[in-house]
Amino acid sequence: MAGSIATRRWYVACALTGALVAVFAVILGAGLGGRDVTSTVSNFGLCAAAVVAAVACLGRARSFGGRMRVGWALIGLGVLSWGLGEGIWTYLQMARGEQLPFPSAGDIGYLGMTLLTPIGLLVLPSRAQGMANRVRSVIDGLMVATSLVLIAWIFVVSPLLENGDGSGLALYISLAYPLGDVVTITIVLFMLAQQRRHGRTFGQLALVGAGISAFAVSDIAYAYLSLLDRYSSGDPTDIGWFAGFVLILLAAAKPVPPAAEDEETDNSQPVGILLPYVAVLAALLTSVIWYAKTGHSNMFIAYTRSALILLIVGRQLLTLRENRNLTRTLEARVADRTAELFASEQRFHALVQHSSDVVTVVSPEADVLYQSESVQRVFGYPARVFTGRRLTKMLDPESGLRLAQALRHVAGRPYATTVLEVVVHHRDGRVRQAEMTITNLLSDPSVAGLVLNTRDISERKELQDQLVHEAYHDALTQLANRALFRERVSEALRNRADGGEVTVLFLDLDGFKEVNDSLGHLAGDQLLVQVADRLRSSVRSDDIVARFGGDEFAVLITTAPGGAADEAEQVAQRIIDALDTPFGGERRDIHVQASIGLASADMLGDAKDGAEQLMRNADLAMYKAKSAGGSGYATYDPEMLSGLVARLELEADLRLALERHQLHLHYQPTINLATGEVIGFEALARWEHPTRGLIPPAEFIPIAEATGLIVPLGRWVLREACRQAVEWSREGGRPVKMAVNVSVRQFDRADLVEVVGAILAETGMPADQLCLEMTESVLMSDTDDNLEQLVRLKALGVTLAIDDFGTGYSSLAYLRRFPVDTLKIDRSFVERLGALTDDTALADTIVQLGKSLGMDTVAEGIEEVVQLEALREMGCHFAQGYYFSRPVPADEAGPLFVQGARVTS
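Calculation rules
Residues numbered from 1 in each chain as written. Predicted model: local features only at pLDDT ≥ 70, side-chain atom pairs only at ≥ 80, totals over all residues. Heavy atoms only, no water. Helix = DSSP H or I, 4+ residues; strand = E, 2+ residues; numbered from the N terminus. Buried < 20%, exposed > 50% of the residue type's maximum accessible area, 1.4 Å probe, protein only. Areas by Shrake-Rupley, 256 points an atom, 1.4 Å probe, with all protein chains shown as cover. Expected span 1.5 Å × (residues − 1). Phe/Tyr/Trp six-rings, centres within 6.5 Å; stacked < 30°, edge-to-face > 60°. Lys NZ or Arg CZ within 6 Å of the ring centre and 35° of its normal. Polar contact = N/O pair within 3.5 Å; in protein donor to acceptor, adjacent residues only side chain to side chain. Contact = heavy atoms within 4.5 Å. Pairing = 2+ DSSP bridges. Axes fitted to C-alpha atoms, helices over the stretch in contact; angles between N-to-C directions. pLDDT = per-residue confidence, 0-100. Core = buried A, V, L, I, M, F, W, Y, C linked by side-chain atoms within 4.5 Å. Salt bridge = Lys/Arg side-chain N within 4 Å of Asp/Glu carboxyl O. Patch = residues over 30% accessible without salt bridge, like charges linked within 9 Å, V, L, I, M, F, W, Y side chains within 5 Å.

1. Some words on the overall build of the protein chain
Point 1. Scanning the protein chain from terminus to terminus reveals 30 helices and 20 strands.
Point 2. Residues classed as buried in the protein chain amount to 45% of the 905 residues present.
Point 3. In the structure as shown, the protein chain presents an accessible area of about 45700 Å², 58% of it carried by carbon and sulfur atoms.

2. So, helix α8 (residues 238–253)
Point 1. Over its 16 residues, α8 runs 23 Å from end to end, which matches the ideal 22 Å to within 8%, given 1.5 Å per residue.
Point 2. Counting buried residues in α8 gives twelve out of 16 residues, a clear majority hidden from the surface.
Point 3. Residues of α8 that are buried include every one of D238, G240, W241, F242, A243, G244, F245, V246, I248, L250, A251 and A252, and no others.

3. Digging into the packing of aromatic side chains
Point 1. Applying the stated criterion to the full structure yields twelve aromatic pairs.
Point 2. Considering the side-chain rings of W82 and F245, the 4.8 Å spacing of their centres and the 65° angle between planes classify their relative orientation as edge-to-face. Placement of the pair is W82 in helix α3 (residues 67–95) and F245 in helix α8, with a sequence separation of 163 residues.
Point 3. In this structure F245 comes out as buried when scored by relative accessible area, which is 0%.
Point 4. One Lys or Arg, K254, reaches over the ring of W10 and ends 5.3 Å from the middle of that ring.
Point 5. Residue placement shows R734 over the ring face of F897; its charged tip is 4.0 Å from the ring centre.

4. Focus: the side chain of Q668
Point 1. Its place among the elements puts Q668 in strand β11 (residues 663–672).
Point 2. The buried category is assigned to Q668, whose relative accessible area is 8%.
Point 3. In terms of polar contacts, Q668 uses its side chain to reach the backbone carbonyl oxygen of S885, at 3.4 Å.
Point 4. Setting aside chain neighbours within four positions, we find Q668 in contact with G680, F681, E682, L684, Q880, G881, Y882, S885 and P887.

5. Focus: the sheet that holds strand β6 (residues 501–510)
Point 1. Within the open sheet, the five strands sit side by side as β7-β8-β6-β9-β10. Their pairing is mixed. Since the sheet does not close on itself, it has two edges, and those belong to β7 (544–549) and β10 (632–635), each with one partner. Averaged over all pairs of adjacent strands, the angle between their axes in this sheet comes to 20°, without regard to strand direction.
Point 2. Where β6 and strand β8 (residues 552–559) come together, eight bridges link them in antiparallel fashion. Its bridge partner being in β8, D508 is matched across the sheet by E552.

6. What to know about the confidence of the model for the protein chain
Detailed reading of the predicted coordinates is not advisable wherever pLDDT falls low.
Point 1. Residues at a pLDDT of 70 or more form 81% of the protein chain, whose mean pLDDT is 79.
Point 2. Scored below 50 in pLDDT, residues 260–271 makes 15 contacts in the model with residues more than four places away or belonging to other chains.

7. As for unusual backbone geometry
Point 1. Phi at Y415 takes a positive value of approximately 65°, unusual for a residue other than glycine.
Point 2. For Y415, the location among the structural elements is in the loop between α12 (397–411) and β3 (417–425).
Point 3. Of note in this structure, Q478 is not a glycine but carries a positive phi near 65°.
Point 4. Summarising the element assignment, Q478 is placed in the loop between α13 (458–472) and α14 (482–494).
Point 5. Residue class for Q478 comes out partly exposed when judged on its relative accessible area of 43%.

8. A look at the nonpolar core
Point 1. M738 and L770 are the most contacted members of the largest nonpolar core, which has 75 residues in total.
Point 2. The element best represented in this core is helix α21 (residues 710–732), accounting for ten residues.
Point 3. Those residues in contact with M738 that sit more than four places away from it in its chain are Y667, F681, A683, A721, A725, W728, M765, Q769, L770 and C771.
Point 4. One finds M68, V79, M113 and A251 within the second-largest nonpolar core, a separate group that totals 39 residues.

9. Focus: the sheet that holds strand β1 (residues 358–362)
Point 1. Across the sheet, which stays open at both edges, the five strands sit in the order β2-β1-β5-β4-β3 with antiparallel pairing between neighbours. Looking along the sheet, the strands with just one partner apiece sit at the ends: β2 (368–371) and β3. Pairwise comparison of adjacent strand axes, ignoring direction, gives a mean angle of 25° for this sheet.
Point 2. As paired elements, β1 and β2 share three bridges and run antiparallel to each other. The residue bridging V361 from the neighbouring strand is Y370, located in β2.
Point 3. α12 rests against β1, β3, β4 (431–441) and β5 (449–456) of the sheet, and its axis sits at about 160° to β3.
Point 4. Against the sheet, α13 engages β3, β4 and β5, with an angle of about 115° to β4.

10. A short note on the pattern of salt bridges
Side chains bearing opposite charge may pair, as long as their charged atoms lie close to each other.
Point 1. Inspection of the entire model under this criterion finds 26 salt bridges.
Point 2. Across the pair D357 and R455 runs a salt bridge, and its minimum N-O distance is 2.9 Å. You can see D357 sitting in the loop between α10 (299–354) and β1 and its partner R455 sitting in strand β5, a full 98 residues away along the chain.
Point 3. Here R734 and E677 are joined by a salt bridge, their closest N and O atoms 3.4 Å apart. Here R734 is found in the loop between α21 and β14 (737–741), whereas its partner E677 is found in strand β12 (residues 677–689), with 57 residues between them in sequence.
Point 4. Taking the relative accessible area as the measure of exposure, R734 reaches 21% and is therefore partly exposed.

11. A few points about a nonpolar patch on the surface
Point 1. A cluster of nonpolar side chains, namely I309, V313, L317 and L320, defines an oily patch on the protein surface of about 380 Å² accessible area.
Point 2. For L317, a relative accessible area of 54% translates into the label exposed.

12. Observations concerning the environment of F878
Point 1. Locating F878 in the fold gives a position in strand β19 (residues 878–879).
Point 2. Owing to a relative accessible area of 17%, F878 belongs among the buried residues under this scheme.
Point 3. With 18 residues separating them along the chain, F878 and E860 place their C-alpha atoms 9.0 Å apart.
Point 4. Ignoring any residue separated from it by four or fewer positions in sequence, one finds F878 in contact with T670, I671, N672, L673, I679, D856, T857, V858 and A859.

Listed below in structure tokens is the structure:
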């Protein structure tokens, strides 16, 4: 962008200076205003033009460095020297009114430009050259300069010598101006010839050359008129000097384009080569014409022509020497290239003979034209066995036919390529798989055939087959995996004939996790291998057995039309019977059973992905069999899917319920049996579904447990219960004991203690008034970790209770070990109290156990007075049940506590 702006400004300057030159030329050419006016305009105009051009050149020098700076500085000083000479001339002529002699003091300044400008041009950097090129460049320059001097002598100097009458010094000074211009123009022309139009400074040099040419015209006219004593300041002769300074000014101001990448690599200079010969030819032609016209010779012309001849001879000798060096270089390069080609040929021959590929050249009819020796190493045959024989007849019929077709396919298309696999019999009798690449090189005169690159890919094919097998088979049991089983199911569904049936059996081992946990994974893997063997022996030969992972297996059973309707059930029963026999282990026999789900394709309907749907149906049926106790099979029923969908919908609704605050708490009071006073409540979550109404906890709590939603749900219940207890305590003036159930999933989280502590701090609930209830499963699973959690909770000051005590399998050792405060007697023991039954004895035992361990006991599910009396006689401390109150909302439970209600029998 900046470069384009500078270029536009330069063109504007060209237009303005062109107009100025035109005005100057009109004034001097027409003599406007008389001799005094033209003389004044000429003197001051030339001074100003010289000074401005010198300033521009010196300014250009400051923008460069190195030789470029020195060169432009010398050119600027030369122009400034001429301007000083012109200033002296103007001062002496106009200020002092003297008639200046020729030569005068001003000529010193003029001659300064003749000396400094050529030196500056020579200093400017040019292309990097070798010594020979430098010498040739000097000779070329001398040839051009001598030729121009000869031409100038004939056309300028000789007439001046014949017509002039000045002194010897005046003559020499007069001749110095045009001869200096000739030298300068020669340098410029030669530099332009070297650069041509690709050089960065071509434009500047062209403008400088044009300016010096304008100078030369005025200098020749000035010398001629001065010798005749006819020159006067303000004559049209001065126009050339003014134009020359303007052109030099424009050259200094012209923007320099950026360096082109290929500038240094362009070494062709046809104009630079021809220019010296053109100049010599012009000089000789001029001298011949002059001699023919004048009829006599001249000593200077004779010497000059002799110098030109010597220069031409010297240049030719230099060229001859260069040609001899070039010839020797070319011969050496040809020899090196020949040796390189021979080595490359030998290397190619060695590579072909020792390549892992077998290279064969055949005709379009498959006749072998060339056979590489590598065929013996790869396939065991010597190369002579194949040469001259038809290759298609040496292969098996199928491979020969395919090869002939491939050859015809590429024969009509030059450089076409095709690849095929063929079977090749090794000389030792082994059958090998080979990959053959055929390339049509019939049009290549060095080959003139079809090239066959053949390689043995037997090992690669075996590896591919092995990888495919591993990708579709279970690594442990070698049964089909899920991917292969799914493909087989899809294939069976596509090929199912009318009346035929496709059934999938999904099998899951019962008790396999216990085997892994107790005996280790190695024993588990050995068990799975034995199970796989028994499955194979239990199914029919055309049935497919697969292992999906872990202890999950599947069987695909296809029944032909007219087959037994219960064939799949028979297979399922044989599997169950086969697994009923104990499996032998290293230390003991292992007993495992299986739950099997059956799904028939008749139940698919219009399912898009029938295979996936059929496998999913079998999976659902398997869960049905497992929920029935295991060691059996169940057949898929569409209601299983609807039940699963309903469960998923309920799970999604439960997530929304937590976000939209659709859950609320009901509170069941806890009664002190000694006083009949309400001392606290148990917080129970209730879900009021917006469309389905009140959903029982037995439906949504298991879903929350299974999905992990019990964690955020339990956190909300704990916070809301604590907040409500603090509110009731503040209104009733006495503390409220609040019981909250804690799930096993909550104990699995390491932050349980931190969550409880944060809620206590947030709500202001006293820790000793909070009771956390847990089932016996907390004591039995992850014992050490859960014990640590309980100890930390106890350290907070909360009370711990075991809910539904008596229904699990916790031992007395666990009760002594865990920091439990309360035992809650399950309602199943309470509902039959009042009669002499085992439940009465068991309930009494639990109460006495609690007393002996220093624990409180709470009886759940009291509905009749006889149950209440029996528990009082046993010494039970607290009670809950419908006899006292159902779980009620907070607005109904609050008055029971705030009013200090007592419940008596």
